[in-house]
Amino acid sequence: MSTFSAPKGTYDLIPPDSEAFLAVREALAAPARRAGYGYIETPTFESTALFSRGVGESTDIVSKEMYTFTTRGGASLSLRPEGTASVLRAALERNLHKQGLPVKLWYSGSYYRYERPQAGRYRHFSQVGAEALGAEDPALDAELITMAVDAFTGLGLSQVRLLLNSLGCRACRPVYRAALQEFLRSVDLSFLEPDDEADIRRRIEINPLRVLDDKRKAVQERLAGAPLMADHLCEECKAYHEQVRSLLTDAGVRYEDDPKLVRGLDYYTRTTFEFVHDGLGAQSAVGGGGRYDGLSEMIGGPALPSVGYAIGVDRTVLALAAEGVELTLPARTRVYAVPLGEEARRTLFGLVTELRRAGVAADMAYGGKGLKGAMKSADRSGAAFAVVAGERDLAEGVAQLKDLTSGEQTPVALTELVTTIKEKLS
Ligand code: AMP
């Protein structure tokens, strides 16, 4: 123990679990790479206003969960709570949208939200996401959703459910919003604590759709008769949504229509989706996304209808554990060298270097460890072979090659070691 520990709501990724985490990140990115998405990396902090305008003042993310600070120069910056606003900001700033549409980008990184920590909910977490900017085409919505589905399937997950909805557009959403607002204003919420009721009443006025995804059961019961977006979609939105659904069906993607799915961010329009895993308890969302046709204009850009998603890496790892899926990870150390004495250290250091350069993962005992301690390290490393050499071996021009599974040990000429090891490993 030291005086310090990881900040509340965060955790350190350490070996061997960190290997699985890396593999999950890779697997989540693979479908995007295969579909022509380019990698983008943006700063971990941005102007606070980008998020308050882009994500929405009324969202919990912006109003309660951002890590905001003032720089010495007086600028207000925030650690990014999500990826889409930054990606769009960068694409606009670098004029990517003038070089042919859609602009397809994927990203992977750390995100920060000051949330109440619990299993699966952290203040620092990782996402892998993808965005397709500047095209209004149901095939693009279907492409992204299919990519995410393939990412989960590729990892061996079989219990991820896809929830799908449409949030309408600039034409039909306001009409629906008004109808929903009227309904919500008349709902009896007096059973709530006064503060909670005031909170929800405020939300009804600012962002009534968000009330629909209130997680409290008693609130949900009061919403039973609420008007649904599905019944208010304009003809265009209805046709668009039908196309997305039929493209998904053609791609063999199973989904569940969820007319109350609204998600926590303000900028979504039309297609909205979420991936949930029932083995994760309260924090069941492993990923989500949707279309955000108005976001570019909200942050001062041109009209740029876009669609994207973000998958939570931490929760995907938890989902793998919940399903009992073990990933096949790249082998760590294959050969472990045990030098006994000064000269052997020099010789085996050369051998280990040569093996590594030949593509064989190799390690050795450092710090002048004795035979017993060094062999323990060899076993712990997971290596298939140990190479042991002392003064006498060197004098004879050999080293002992020990098969750590069978325990069998044979002397091998130093000049033959690399070739012999490579043969045995293949
Ligand atoms: P969101 O932008 O809220 O839809 O987040 C996308 C995905 O990121 C979610 O489905 C989660 O898997 C993950 N995620 C969001 N917030 C957290 C958090 N506080 N801790 C861990 N994962 C999170």
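Within each chain, residues carry numbers counting from 1 in the order of the written sequence. Reporting of local features is limited, given that this is a predicted model, to residues whose pLDDT is at least 70; pairs of side-chain atoms are given and counted only at 80 or more, and all residues count toward the totals for whole chains, interfaces and linings. Side-chain numbers here rest on the full set of heavy atoms in the structure, without hydrogens or water.

### Quick look at the pairing of strand E14 (residues 385–389)
Turning to step 1, where the next piece is worked out: Three labels apply to residues, based on accessible area from a 1.4 Å probe with only protein chains included: buried if under 20% of the type maximum, exposed if over 50%, partly exposed otherwise in between. Secondary structure counts use DSSP, requiring at least four H or I residues in a row for a helix and at least two E residues in a row for a strand, with both numbered from the N terminus. In terms of burial, E14 is largely enclosed, as five of its five residues are buried.
Turning to step 2, where the next piece is worked out: Across five bridges, strand E12 (residues 335–339) lies against E14 in parallel orientation. Each bridged residue has a counterpart across the sheet, and for tyrosine 336 the counterpart in E14 is alanine 386.
Turning to step 3, where the next piece is worked out: If DSSP finds at least two bridges between two strands, the strands pair. Note: E14 against strand E15 (residues 398–403), four bridges, orientation antiparallel. Among the inter-strand pairings, phenylalanine 385 is bridged to a residue of E15, identified as aspartate 403.

### Focus on the packing of aromatic side chains
Turning to step 1, where the next piece is worked out: Only rings of Phe, Tyr and Trp enter the pairing, Trp through its six-membered ring, and a pair is recorded when the two centres are within 6.5 Å. The plane angle decides the type: under 30 degrees is stacked, over 60 is edge-to-face, the rest tilted. Following the criterion strictly, the structure yields eight aromatic pairs and no others.
Turning to step 2, where the next piece is worked out: Here the aromatic rings of tyrosine 67 and tyrosine 114 are separated by 5.7 Å at their centres, their planes lie at 80°, and the arrangement is edge-to-face. On the criterion of sequence distance, the pair formed by tyrosine 67 in the loop between helix H3 (60–64) and strand E3 (68–70) and tyrosine 114 in the loop between strand E5 (103–112) and strand E6 (124–133) is long-range, its members being 47 residues apart.
Turning to step 3, where the next piece is worked out: Given a relative accessible area of 28%, tyrosine 67 falls into the partly exposed group.

### Observations concerning helix H1 (residues 17–34)
Turning to step 1, where the next piece is worked out: Multiply 1.5 Å by the residue count of a helix minus one, and that product is the helix's expected span. Between its first and last C-alpha atoms H1 spans 27 Å; for 18 residues at 1.5 Å apiece the expected length is 26 Å, and the two agree.
Turning to step 2, where the next piece is worked out: A positive phi of about 85° marks glycine 36, the residue just after H1.

### Here we look at the packing of H1 against helix H12 (residues 313–323)
Turning to step 1, where the next piece is worked out: Contact pair H1 / H12: the axes reach a minimum separation of 10 Å and the direction vectors enclose 110°. With respect to H12, the element H1 is oriented roughly perpendicular. Judged by residue contacts, Phe21, Val24, Arg25 and Leu28 of H1 engage Val313, Asp314, Thr316, Val317 and Leu320 from H12.
Turning to step 2, where the next piece is worked out: Think of it as three bins: nonpolar holds Ala, Val, Leu, Ile, Met, Phe, Trp, Tyr, Cys and Pro, charged holds Asp, Glu, Lys and Arg, and polar takes everything else, Gly as well. Here the contact of H1 with H12 is built from residues that sort into six nonpolar, one polar and two charged. Between N-to-C directions, angles cover 0 to 180 degrees, with each direction set by a line fitted to C-alpha atoms, over the stretch in contact for helices. An angle below 35 degrees is read as roughly parallel, one above 145 as roughly antiparallel, one from 65 to 115 as roughly perpendicular, and any other as oblique. We call two residues contacting when some pair of their heavy atoms lies within 4.5 Å.

### Looking at the domain arrangement of the protein
Turning to step 1, where the next piece is worked out: Segmentation of the chain into domains, including their bounds, is taken from an automatic or database domain assignment. Here the protein is described as being made up of domain 1 (17–172 + 233–323) and domain 2 (335–425).
Turning to step 2, where the next piece is worked out: Computed from C-alpha atoms alone, the centre-to-centre distance between domain 1 and domain 2 is 48 Å.

### Here's the deal with the pattern of salt bridges
Side chains that differ in sign of charge can pair as their charged atoms come close.
Turning to step 1, where the next piece is worked out: By definition, a salt bridge exists where a carboxyl oxygen of Asp or Glu is found within 4 Å of a side-chain nitrogen of Lys or Arg. Overall, the coordinates contain 25 salt bridges when judged by the stated rule.
Turning to step 2, where the next piece is worked out: Here arginine 216 and aspartate 196 are joined by a salt bridge, their closest N and O atoms 3.9 Å apart. Residue arginine 216 is found in the loop between helix H8 (208–211) and helix H9 (217–222), and its partner aspartate 196 is found in helix H7 (residues 194–206); the two are separated by 20 residues along the sequence.
Turning to step 3, where the next piece is worked out: Given the relative accessible area of 34%, arginine 216 is considered partly exposed.
Turning to step 4, where the next piece is worked out: According to the relative accessible area criterion, aspartate 196 is partly exposed, its value standing at 31%.
Turning to step 5, where the next piece is worked out: As a salt-bridge pair, arginine 201 and glutamate 197 come within 3.4 Å of each other at their nearest N and O atoms. A residue pair is termed a helical-turn pair when its members lie 3 or 4 positions apart in one helix, as arginine 201 and glutamate 197 do in helix H7 at four residues.

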